[in-house]
Number of protein chains: 2
Amino acid sequence: MPDTRKLKYDTSALRTLTAEDLDALEIGAGILGTGGGGNPYMGKLLALEALKAGYKMQILATDAIESDALCMSIGGIGAPVVGVERLREGREGLRCLRAMEDLIRTPIDAIVCEEIGGANSMNPLVTGALGGLPVLDCDGMGRAFPEMQMTTFSIYGHSSTPSVMCDLHGNAVIFSHAVSEVGHERMARACVVAQGGAAMLATAPMQAHYVHQYGIPKSYTKAIALGEAVIKARKEQEDPIAAVCDLEGGRRIFTGKITDLKRHLRGGFAIGDLELSGFDDCSGQTASVAIQNEFLIFKRNGKVEVTVPDLIVLLDVDTGYPITTEMLRYGQRVAVVAIPAPELLRSSRALEVVGPSAFGYPEITFSPLPTASRKAA
Amino acid sequence: MPDTRKLKYDTSALRTLTAEDLDALEIGAGILGTGGGGNPYMGKLLALEALKAGYKMQILATDAIESDALCMSIGGIGAPVVGVERLREGREGLRCLRAMEDLIRTPIDAIVCEEIGGANSMNPLVTGALGGLPVLDCDGMGRAFPEMQMTTFSIYGHSSTPSVMCDLHGNAVIFSHAVSEVGHERMARACVVAQGGAAMLATAPMQAHYVHQYGIPKSYTKAIALGEAVIKARKEQEDPIAAVCDLEGGRRIFTGKITDLKRHLRGGFAIGDLELSGFDDCSGQTASVAIQNEFLIFKRNGKVEVTVPDLIVLLDVDTGYPITTEMLRYGQRVAVVAIPAPELLRSSRALEVVGPSAFGYPEITFSPLPTASRKAA
């Protein structure tokens, strides 16, 4: 296919990311990952490799591209535990991009991040770098979620098929049509598990105006700023957890030690529960967190306090570094931070897909955290 | 896509099938199905519906079509038990055909049967009828096998991707590339199970000369002749089991009653074992048959006598009708007939894929049944 692409954006609007940006993004994406989305460190290794090889990693505001530009959302699919054990080969996303362009016989103008949380923040940057395309400064979740139908793009009406899935072995699958977004998720997940548990999946392209309207805004600049705040606080011996809360309008809701931890893999998902015993100002209290790849439900003394889609984040109490579900260990001392979910995840339409009932907790009603104190990224 | 197809065969060479042919095929395909391949009765219902609606079902010898004609093999994928519980919608195969033509941007000239055993004998006829294409008089198994990589087409070097899979819900998946024939099977099977257990799958087209060289010859005429022999024997009050043996060079190796039966579904497959207690000239003997969708291993008094790929067929001792695995019942009186496998399934290359070790019996060596007495179909 001859490259007939005309740039649909002004190159002066591009922000080129550095290795330092990736270090900050690793921390910020880990925080927004609420325990899931794949280990951001593993994702960063591939991104750094691409940087070292001379590829440019560039992000672009969603309003800095022409409204009819064709944008392809991409993310890794699999279980976080597998992601740690098996490094991606690195070009799965590029193969998805080329297969998609071949399928729709139109060049793609920009890459979109499906999920800013965890490794999935890095994957689109690698695809964009290798493919010579910018990544829009937004994402489809504003955090991490375990399933594909949980993007704002799907929630607000975009059909994610035809999609393309490529794994490190060289398998390539096109989901031409799925009868529902959930059906698409089921088929793709089953395929991934059958082939070893890790692949990249690119969904049907969207026009930029749709991405601008329904993407979670400024995900990359926000995640990088979060990471920078943690790094700066540590350097200046300030409290990194307070810095995170300050930037995202979050609250530190618990401080405790992990006293019990149950995790297992089921159908490609990491399912589990952890128990916390409080110390410092939480002394004498207990808490628990329910896990489905991400941290879903926070209870204090057996009573529900924070639920998905609001963000429940576990940070190392000393360093402020985020802890992903696969890195949880008995005896860890953690701070639990609650961050209000973006507005697009709080509509009744969104709550059907990403509220507690969607995760098997029909008895729990979502009570949104207050958002007043959130700073702009 | 404009229909630029030029007929690559002489229409006078076509044999048009009747409802009576389908009745005979139902029995013959049941016999060659060795217990698997989906219930042929359920397949026949859809074929009869197409006949009644005025569609023509035509078969064509593999040497009666130009050698460069493009032939697409098709079959149902799923577990037999599911096939009985869920009728296909009927146009899955046609959707596969049109999606494949669209994918390769070339019209298909003829349909090929992946598996003559069971319902998969009927599926290609329905696709051919609805699509206006003949079905070549051959197949890729000469019997039924549980997995896709077990066709002679795959065994002798054809890569079955890109393939197209469509289910009754409307889901459509293209497997663009699989790193191996087994990898293709694993992904497709997982997808099917994720979406409810039944779909049609069309594999990458082959040229007619390849089909002629590596297909199992005359599968349809052979299966129809087998069914006719059973029907004729019953009408004339002769022994239908002897008629089956006579036509296929088979031997009646056991006569007994089912005294124990274990079956369960695992990953979309019907797995199990049955025990037989002999009567008539087998009085005092016991036998067992191991099942993986099909009947795999026959033992007499604990000693292996017949193994896959040779055909182990269970027939109702009175009617001569074949019994599929999902129709097995405690107390049934059955005759076990052993039929030598076609030569293409007996090479060392084939035995790696369809010999006992491929089914988890590395300790059992295939000892081919003698083929001397086989009649031409």
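Residues numbered from 1 in each chain as written. Chains lettered and ligands numbered in written order. Predicted model: local features only at pLDDT ≥ 70, side-chain atom pairs only at ≥ 80, totals over all residues. Heavy atoms only, no water.

A. Representation of the overall build of chain A. A tally of regular secondary structure across chain A gives 11 helices and 17 strands. Here chain A has a C-alpha radius of gyration of 19 Å; the compact-globule value for 377 residues is 21 Å, and the two agree. Seen along its three principal axes, the alpha-carbon backbone of chain A occupies a region of about 65 × 45 × 35 Å. Taken across its 377 residues, chain A has 61% of its residues classed as buried. Within chain A, residue pairs in contact and separated by at least 24 positions form 74% of the contacts whose partners lie at least 6 positions apart. Accessible area for chain A stands at about 14,000 Å²; split by element, carbon and sulfur atoms hold 50% of it. (Helix = DSSP H or I, 4+ residues; strand = E, 2+ residues; numbered from the N terminus. Rg over C-alpha atoms; globule rule 2.2 N^0.38 Å. Buried < 20%, exposed > 50% of the residue type's maximum accessible area, 1.4 Å probe, protein only. Contact = heavy atoms within 4.5 Å. Areas by Shrake-Rupley, 256 points an atom, 1.4 Å probe, with all protein chains shown as cover.)

B. Representation of the sheet that holds strand β13 (residues 286-292) of chain A. Residue and element names in this part refer to chain A. Read from one edge of the open sheet, seven strands run β15-β14-β13-β12-β11-β17-β16, paired in antiparallel fashion. For this open sheet the edge positions go to β15 (303-307) and β16 (311-316), each flanked by a neighbour on one side alone. Direction aside, neighbouring strands of the sheet carry axes that sit 35 degrees apart on average. Where β16 and strand β17 (residues 333-339) come together, six bridges link them in antiparallel fashion. By the bridge assignment, Asp316 is partnered in β17 with Val334. (Pairing = 2+ DSSP bridges. Axes fitted to C-alpha atoms, helices over the stretch in contact; angles between N-to-C directions.)

C. Highlighting the interface of chain B and chain A. Every contact between the two is made by 19 residues of chain B and, on the other side, 19 residues of chain A. Broken down residue by residue, the surface that chain B buries against chain A is led by Ile174, Val179 and Met187 of chain B, which jointly contribute 27%. There are zero salt bridges connecting chain B and chain A. At the boundary of chain B with chain A, the tally comes to seven residue pairs in polar contact (both at pLDDT 80 or more). When contributions to the side of chain B that touches chain A are tallied by element, the ones reaching two or more residues are β7 (172-177) and α7 (181-194) of chain B. When its residues are assigned to classes, the side of chain B that touches chain A shows 10 nonpolar, seven polar and two charged. Pairing of strand β7 (residues 172-177) of chain A with β7 of chain B, which is carried by five bridges, proceeds in the antiparallel orientation. Its bridge partner being in β7 of chain B, Val173 of chain A is matched across the sheet by Phe175 of chain B. (Buried area = accessible area lost by both parts, 1.4 Å probe. Salt bridge = Lys/Arg side-chain N within 4 Å of Asp/Glu carboxyl O. Polar contact = N/O pair within 3.5 Å; in protein donor to acceptor, adjacent residues only side chain to side chain. Nonpolar A, V, L, I, M, F, W, Y, C, P; charged D, E, K, R; others polar.)

D. Representation of the domain arrangement of chain A within the structure. Residue and element names in this part refer to chain A. In terms of domains, chain A is made up of domain 1 (11-220) and domain 2 (241-359). Listed by partner, the interface residues are 37 residues for domain 1 and 34 residues for domain 2. Counting the surface lost from both domain 1 and domain 2, the interface buries some 2,800 Å², and carbon and sulfur atoms represent 73% of this. Per-residue buried area on domain 1 facing domain 2 is highest for Ile31, Ile155 and Tyr156; these three make up 20% of the total on that side. Where domain 1 meets domain 2, there are zero salt bridges. The interface formed by domain 1 and domain 2 includes eight residue pairs in polar contact (both at pLDDT 80 or more). Breaking the side of domain 1 that touches domain 2 down by element, the ones donating at least two residues are α1 (19-32), α3 (80-85), α6 (152-155), α7 (181-194) and α8 (208-214). Among the elements that take part in the side of domain 1 that touches domain 2, α1 stands out by supplying four residues, more than any other. The residue makeup of the side of domain 1 that touches domain 2, split by class, is 18 nonpolar, 14 polar and five charged. (Domains from an automatic or database assignment.)

E. Representation of the confidence of the model for chain A in the model. With 94% of its residues at a pLDDT of at least 70, chain A reaches an overall mean of 92. Among the scores for the predicted complex, ipTM is 0.86 and pTM is 0.90. (pLDDT = per-residue confidence, 0-100.)

F. Here's a closer look at helix α9 (residues 219-235) of chain A. All names here are of chain A. For α9, spanning 17 residues, the distance from its first C-alpha to its last is 24 Å, which sits close to the expected 24 Å at 1.5 Å a residue. Looking only at α9, the buried set comprises Ser219, Tyr220, Lys222, Ala223, Ile224, Ala225, Leu226, Gly227, Ala229, Val230 and Ala233. Positive phi shows up at Gln237, right after α9, with a value of about 55 degrees. (Expected span 1.5 Å × (residues − 1).)

G. Highlighting the pattern of salt bridges. Applying the stated criterion across every chain yields a total of 26 salt bridges over all chains. The residue Asp68 of chain A makes a salt bridge to Lys8 of chain A at a minimum N-O spacing of 3.3 Å. Taken as a pair, Asp68 of chain A in the loop between β2 (58-60) and β3 (70-78) and Lys8 of chain A in the segment before β1 (15-16) lie far apart in primary sequence, 60 residues in all. Classification of Asp68 of chain A by relative accessible area gives partly exposed; the value is 37%. The closest approach of N and O atoms between Arg346 of chain B and Asp310 of chain B, which form a salt bridge, is 2.9 Å. Here Arg346 of chain B is found in the loop between β17 (333-339) and α11 (348-354), whereas its partner Asp310 of chain B is found in the loop between β15 (303-307) and β16 (311-316), with 36 residues between them in sequence. Of the residues examined, Arg346 of chain B reaches a relative accessible area of 15% and is grouped as buried. One network of salt bridges, with partners in common, ties together Asp23, Glu26 and Lys44 of chain A.

H. Geometry of the sheet that holds strand β12 (residues 269-278) of chain B. Residue and element names in this part refer to chain B. In space, the seven strands of this open sheet follow the order β15-β14-β13-β12-β11-β17-β16, with antiparallel pairing throughout. The open sheet is flanked by β15 and β16, the only strands paired with a single partner. Averaged over all pairs of adjacent strands, the angle between strand axes in this sheet comes to 35 degrees, irrespective of strand direction. In the sheet, strand β11 (residues 251-266) pairs with β12 via 10 bridges, with the strands oriented antiparallel. Across the sheet, residue His264 finds its bridge partner in β12, namely Ile271. Helix α10 (residues 240-248) contacts β11, β16 and β17 of the sheet and is inclined by roughly 10 degrees relative to β17.

I. Structural context of the relation of the copies chain B and chain A. With an RMSD of 0.0 Å, the operation that places chain B on chain A is a rotation of 180 degrees combined with a shift of 0.0 Å along the axis. On this basis, the relationship between the two copies can be described by a two-fold rotation axis. Interface overlap between copies is the fraction of interface residues in one copy that are interface residues in the other; for chain B against chain A it reaches 100%, indicating a shared surface. (Least-squares fit on C-alpha atoms with pLDDT ≥ 70 in both.)

J. Just the environment of Ile27 of chain B, in detail. Residues and elements named next belong to chain B. Along the chain, Ile27 turns up in helix α1 (residues 19-32). When the C-alpha atoms of Ile27 and Glu114 are compared, they prove to be 18 Å apart, with 87 residues separating the residues in sequence. Excluding its chain neighbours within four sequence positions, the residues that come into contact with Ile27 are Gly227, Val230, Ile231, Tyr321 and Pro322.

K. Highlighting the packing of aromatic side chains. Applying the stated rule across the entire model yields eight aromatic pairs over all chains. Taking the centre distance of 5.0 Å and the plane angle of 10 degrees together, the rings of Tyr156 of chain B and Tyr214 of chain B count as stacked. Of this pair, Tyr156 of chain B sits in the loop between α6 (152-155) and β6 (163-167) while Tyr214 of chain B sits in helix α8 (residues 208-214), placing them 58 residues apart in sequence. Ring-pair connections join several aromatic residues into one group, and the members of that group are Tyr156, Tyr210 and Tyr214 of chain A. In this structure, Arg234 of chain A is placed above the aromatic ring of Tyr321 of chain A, and the distance from its NZ or CZ to the ring centre is 5.1 Å. (Phe/Tyr/Trp six-rings, centres within 6.5 Å; stacked < 30°, edge-to-face > 60°. Lys NZ or Arg CZ within 6 Å of the ring centre and 35° of its normal.)

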